[in-house]
Amino acid sequence: MTSLGNICVTGGAGYIGSHACYALAREGRVPLVVDNLSTGNRSAIRWGPLAELDLRDTAQLTDALVAHEVSTVMHFAASAYVGESVSDPMKYYDNNVGGMLSLLRACEGAGVQRFVLSSSCATYGIPDAIPVRESAAQRPINPYGESKLICERMLRDVAQQAGMSFAILRYFNVAGADASGALAEDHDPETHLVPLTLFTAAGRRDLLTLFGADYDTPDGTCIRDYIHVSDLVQGHLQALGYLEARKGNLTVNLGSGRGVSNLEIVQTVERITQCHVRTRMAERRAGDPPVLVADTSFARQTLGFDPQRSDIDTIVTDAARSFGMLEVKDAESA
């Protein structure tokens, strides 16, 4: 792949951002990490320098981009808990939208040429049809999704004015860990189903709560599209190549294109770890759609996007190994 010049990864100390830095390093690039370490992990910064700063400090951020001659930004830094966004919407507009505004100003000031935005299927809200295509109406039902939609609109407007090319990547449910075991999903608090199920299997939690057992699905629990974090990061590298080749701007879904129910996650974890997962069923959460699965055909056509590790067995195996629940050799031989 052609070198893309100096690259900045915002939120590079976080779960997805650190996996992106690792993948970039394997491509021979040295990413600049911009992170205030409010939720990220310093130990995950291993493949490039750190500019420890808040994105909302525009002057300091511009100086960092200029000093490192950054030509491409991959923007992962954001608050990303749906429930928290409902209880504290101001935090999400301040951090996500305010941070995006400052970052775009800094990019313009530093002459950044390319911008890759981490967006979300939360911008779709409750879709009218499954699988969800990029052309689906965007009707967010929580402040997190709304903040991501605003960021998409800001990027389109500013990029046009600044002559900057961009890719908007709408994630579905990201899970798993790099097959090497070098990184793991590490959130505080943890709210994602795969790690929570594994923690319950390992005895680190007493009980796993599943929300909703009466959906119109085969087993009554809601169905989601899980994409392996390594496949997601590969999609970012492909998007960078697309922008470098000057093929234009891009908005694509990144998912597996397959649905897995909550109960199937539990059953998969029990089978792979050989540990029982004690569960309880709770009422549905307001606004949770029964099924949310990506149509990934456009990503395949434009990027050659072809997830290799996003079957649920591989996702669970890699995640379990990253938490020390399986030996590395077990996953490599599977």
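Above this text is the structure in question.
Not measured: the values here are computed from a predicted model.

Attention now goes to the sheet that holds strand β9 (residues 223–224). The 3 strands lie next to each other as β12-β9-β14, forming an open sheet whose pairing is mixed. Taken across any chain shown, the strands that pair with only one partner, and hence form the sheet edges, are β12 (260–261) and β14 (291–292). Of the strand pairs in this sheet, β9 and β12 are connected by 2 bridges, and their pairing is antiparallel. By the bridge assignment, R224 is partnered in β12 with V260.

Tallied over the entire structure, the rule returns 3 aromatic pairs. Each ring, one from Y92 and one from Y144, has its centre 6.5 Å from the other, and the planes form 85°; the classification is edge-to-face. Taken together, the residues Y92 in helix α4 (residues 89–110) and Y144 in helix α5 (residues 143–162) connect sequence positions 52 residues apart. Across the pair, Y144 and Y92 agree in class, each one buried.

We now examine the state of the cysteines. Counted under the stated rule, the structure contains 0 disulfides. Note on C151: no disulfide assigned, nearest cysteine sulfur contributed by C107 at a separation of 12 Å. Given a relative accessible area of 4%, C151 falls into the buried group.

Strand order across the open sheet formed by 7 strands is β3-β2-β1-β4-β5-β6-β11, with parallel pairing between neighbours. Each edge of the open sheet is held by one strand with a lone partner, namely β3 (50–52) and β11 (250–254). Direction aside, the axes of adjacent strands within the sheet are offset by 20° on average. Sheet analysis places strand β1 (residues 6–10) next to strand β4 (residues 70–75), joined by 5 bridges and oriented parallel. Bridge pairing links C8 to V73 in β4. Lying on the sheet, α5 is in contact with β5 (114–120), β6 (165–171) and β11; it crosses β5 at an angle near 160°.

Summarising the element assignment, D88 is placed in the loop between α3 (82–87) and α4. Judged by relative accessible area, which is 33%, D88 ranks as partly exposed. Each C-alpha atom of the pair D88 and P143 lies 8.7 Å from the other, and the pair is 55 residues apart in sequence.

Time to look at empty space enclosed by the protein. Enumeration according to the criterion identifies 1 cavity of 30 Å³ or more in this entry. The calculated volume of the largest cavity comes to roughly 40 Å³. Forming the boundary of the largest cavity are H75, A77, A78, N96, L117, S147, K148 and C151. Looking at the lining of the largest cavity, its residues break down into 4 nonpolar, 3 polar and 1 charged.

What the rule picks out here adds up to 15 salt bridges. Between D313 and R271 there is a salt bridge, and its shortest N-O distance comes to 2.9 Å. Here the residue D313 occupies a position in helix α10 (residues 312–322), and R271 occupies one in helix α8 (residues 262–273), the gap between them amounting to 42 residues. R271 gets classed as partly exposed once you look at its relative accessible area, which sits at 45%.

Grouped together as the largest cluster of nonpolar side chains are 38 residues, with contacts concentrated most on I16, M74, L169, V174 and L254. At the level of elements, β1, α1 (15–26), β6, α7 (229–244), β11 and α9 (297–303) are the ones that each hand at least two residues to this core. With 8 residues, the single largest contributor to this core is α7. Leave out the neighbours within four places in its chain, and L254 touches L169, R170, Y171, F172, I227, L232, G235, H236, A299 and F305. Counting residues in hydrophobic clusters, the runner-up holds 27 residues, among them A51, L55, L61 and L103.

The alternating pattern of strand β8 (residues 208–211) places L208 and L210 on a buried face, while none of T209 and F211, on the opposite face, is buried. Bridge analysis of β8 against strand β13 (residues 279–282) gives 4 bridges, and the strand direction is parallel. Considered in β13, the bridge of F211 is made with A282.

Cut-offs used in this document
- Residues numbered from 1 in each chain as written.
- Predicted model: local features only at pLDDT ≥ 70, side-chain atom pairs only at ≥ 80, totals over all residues.
- Heavy atoms only, no water.
- Pairing = 2+ DSSP bridges.
- Helix = DSSP H or I, 4+ residues; strand = E, 2+ residues; numbered from the N terminus.
- Phe/Tyr/Trp six-rings, centres within 6.5 Å; stacked < 30°, edge-to-face > 60°.
- Buried < 20%, exposed > 50% of the residue type's maximum accessible area, 1.4 Å probe, protein only.
- Disulfide = S-S within 2.5 Å.
- Axes fitted to C-alpha atoms, helices over the stretch in contact; angles between N-to-C directions.
- Contact = heavy atoms within 4.5 Å.
- 1 Å grid on protein atoms, 1.4 Å probe; cavity = no way out; pocket = protein on both sides within 12 Å on 5 of 7 lines; lining within 4 Å.
- Points joined across faces, edges and corners; volume = space filled by probe spheres on them.
- Nonpolar A, V, L, I, M, F, W, Y, C, P; charged D, E, K, R; others polar.
- Salt bridge = Lys/Arg side-chain N within 4 Å of Asp/Glu carboxyl O.
- Core = buried A, V, L, I, M, F, W, Y, C linked by side-chain atoms within 4.5 Å.

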